[in-house]
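Fold and contact review
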Amino acid sequence: MLNLEQASYRFGSFSLHADFELTASSLTAVLGPSGAGKSTLLNIIAGFEPLAEGRLLIDGADVTTSPPATRPVSMVFQDNNVFPHLTLWQNAALGVATNLKLDAAQHAAVDEALSQVGLSSLAQRKPSDVSGGERQRVALARVLLRPTKVLLLDEPFAALDPGLRAAMLQLVADLTRERKLVTLLVTHQPEEIRASAGHVVFVDGGIATAPQTTAHFFASKDAAVLSYLGRPPSSRATSTSA
């Protein structure tokens, strides 16, 4: 479980406020206009940006002032997730030991993680020899090998074609349920998360709203949501008498 309690972030004239709770085993999409603070929200949770006020708790533990390396949080970015000189297996194994000195149990754990993301047959290939989607799956395998409770994804599939993005989103949703993770995904493709994300956090106007179900979000009549989705506001019929 992840709790942001009366949390506020400020940088110059920009501010972001959040006060909500997220439970495990559900993928939550983070949506909103460009520049609204979606990536900032993830950076706050990861510990890369400090809170000015409020608290951040993970499974009841206050991590508000904890450095990023000590938080049970993993983050996957759009690119730069793999080292080109290492094999896919070695890239994944970095999630266990950065010196790549693994015992038999750890070796088996890496094999299992690669199997989960469908990369067993490609384990000894270099990143340059595989597709973009396969490189992103390596990044997922690596974070699954860490003692992660919270998984943050900042547009990691933006460069992939629509079919592959859909497959990767479903993989993330499945792994979130299997690993009982709190997963947040920033995306600029709202329609793509209908089938995979259980909830949506909408960021706009300096507020990260409390999570709502995906169905409720897409049915919203809120003017900010309608504007973001590119839908005209409903016009109320008026009647006139002659």
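Residues numbered from 1 in each chain as written. Predicted model: local features only at pLDDT ≥ 70, side-chain atom pairs only at ≥ 80, totals over all residues. Heavy atoms only, no water.

1. Things to note about the side chain of S196
Quick reminder of the rule: Helix and strand definitions follow DSSP, with helices as H or I runs of at least four residues and strands as E runs of at least two, each counted in order from the N terminus. Three labels apply to residues, based on accessible area from a 1.4 Å probe with only protein chains included: buried if under 20% of the type maximum, exposed if over 50%, partly exposed otherwise in between. Pairs of residues are marked as contacts when any of their non-hydrogen atoms sit within 4.5 Å.
With respect to the secondary-structure elements, S196 resides in the loop between β8 (182-186) and β9 (199-204). Judged by relative accessible area, which is 11%, S196 ranks as buried. Among residues more than four places away in sequence, those in contact with S196 are L27, L169, Q170 and A173.

2. Quick look at empty space enclosed by the protein
As a reminder of what qualifies: Think of a 1 Å grid over just the protein atoms. A cavity is a set of points where a 1.4 Å probe fits yet cannot get out, a pocket is an open set with protein on both sides within 12 Å along at least five of seven lines, and lining residues have an atom within 4 Å of a point. Grid points are joined across faces, edges and corners, and a volume is the space filled by probe spheres set on the points. Amino acids are sorted into nonpolar (Ala, Val, Leu, Ile, Met, Phe, Trp, Tyr, Cys and Pro), charged (Asp, Glu, Lys and Arg) and polar (every other residue, Gly among them).
Inspection of every chain in the model, using the stated rule, returns one cavity of 30 Å³ or more. By volume, the largest cavity is sized at about 30 Å³. Considering the residues around the largest cavity, the lining is formed by L4, A7, S8, Y9, L16, H17, A18, L41, I44 and L51. Sorting the residues of the lining of the largest cavity by element identifies β1 (2-11), β2 (14-22) and α1 (38-46) as the ones contributing at least two each. Broken down by element, the residue count for the lining of the largest cavity peaks at four residues, all from β1. Residues belonging to the lining of the largest cavity are distributed by class as follows: eight nonpolar, two polar and no charged.

3. Examining the environment of V30
Structurally, V30 can be placed in strand β3 (residues 26-31). For V30, a relative accessible area of 0% corresponds to the buried category. Linking V30 and T209, residues 179 residues apart in sequence, is a C-alpha distance of 9.8 Å. Dropping the residues within four chain positions of it, V30 is found in contact with K38, L41, L42, L184, L185, V186, T187, V201 and V203.

4. Some points on the pairing of β9
Successive residues of a regular strand alternate their side chains across the two faces of the sheet. Quick note on the threshold: In short, DSSP must find at least two bridges between two strands for them to pair.
As defined by bridge partners, β3 adjoins β9 across four bridges and the pair is classed as parallel. Each residue of the ladder has a partner; that of V30, found in β9, is V201. Where β9 lies against strand β11 (residues 212-213), two bridges are found, and the strand directions are antiparallel. Bridge pairing in β11 places V200 opposite Q212. In textbook terms, the turn of a hairpin is the stretch between consecutive antiparallel strands, and for β9 and strand β10 (residues 207-208) this stretch comprises two residues, one of which, G205, has a positive phi near 60°.

5. Regarding the nonpolar core
Heads up, the condition is: We define the nonpolar core as a collection of buried residues of types Ala, Val, Leu, Ile, Met, Phe, Trp, Tyr and Cys that are connected through side-chain atoms lying within 4.5 Å of one another.
Of all hydrophobic cores here, the largest spans 45 residues; its most connected members are L31, L114, V117, L140, I193 and F217. Once you skip the residues sitting within four places of it in the chain, L140 turns out to touch V117, L151, L153, M168, L171 and V172. Core analysis: the next-biggest nonpolar cluster, separate from the first, contains 29 residues, L2, I45, V150 and V201 among them.

6. Some details on the packing of aromatic side chains
A ring pair, where both rings are aromatic, is described by two values, the distance of the centres and the angle of the planes. Put simply, the test is: Stacked, edge-to-face and tilted are the three classes for Phe, Tyr and Trp ring pairs, Trp counted by its six-membered ring, which pair at centre distances within 6.5 Å; planes under 30 degrees apart are stacked, over 60 edge-to-face, the rest tilted. Criterion for a charge above a ring: Lys NZ or Arg CZ within 6 Å of the ring centre, and within 35 degrees of the ring normal.
Applying the stated rule across the entire model yields four aromatic pairs. Look at F202 and F217: their rings are 5.7 Å apart centre to centre, the planes differ by 45°, and that puts the pair in the tilted class. You can see F202 sitting in strand β9 and its partner F217 sitting in helix α6 (residues 214-218), a full 15 residues away along the chain. Comparing F202 with F217, the two get one shared label, buried. Within the aromatic cluster, the residues linked to one another by ring pairs are F202, F217, F218 and Y228. Stacked on the ring of F218, the Lys or Arg R194 has its end atom at 3.9 Å from the ring centre.

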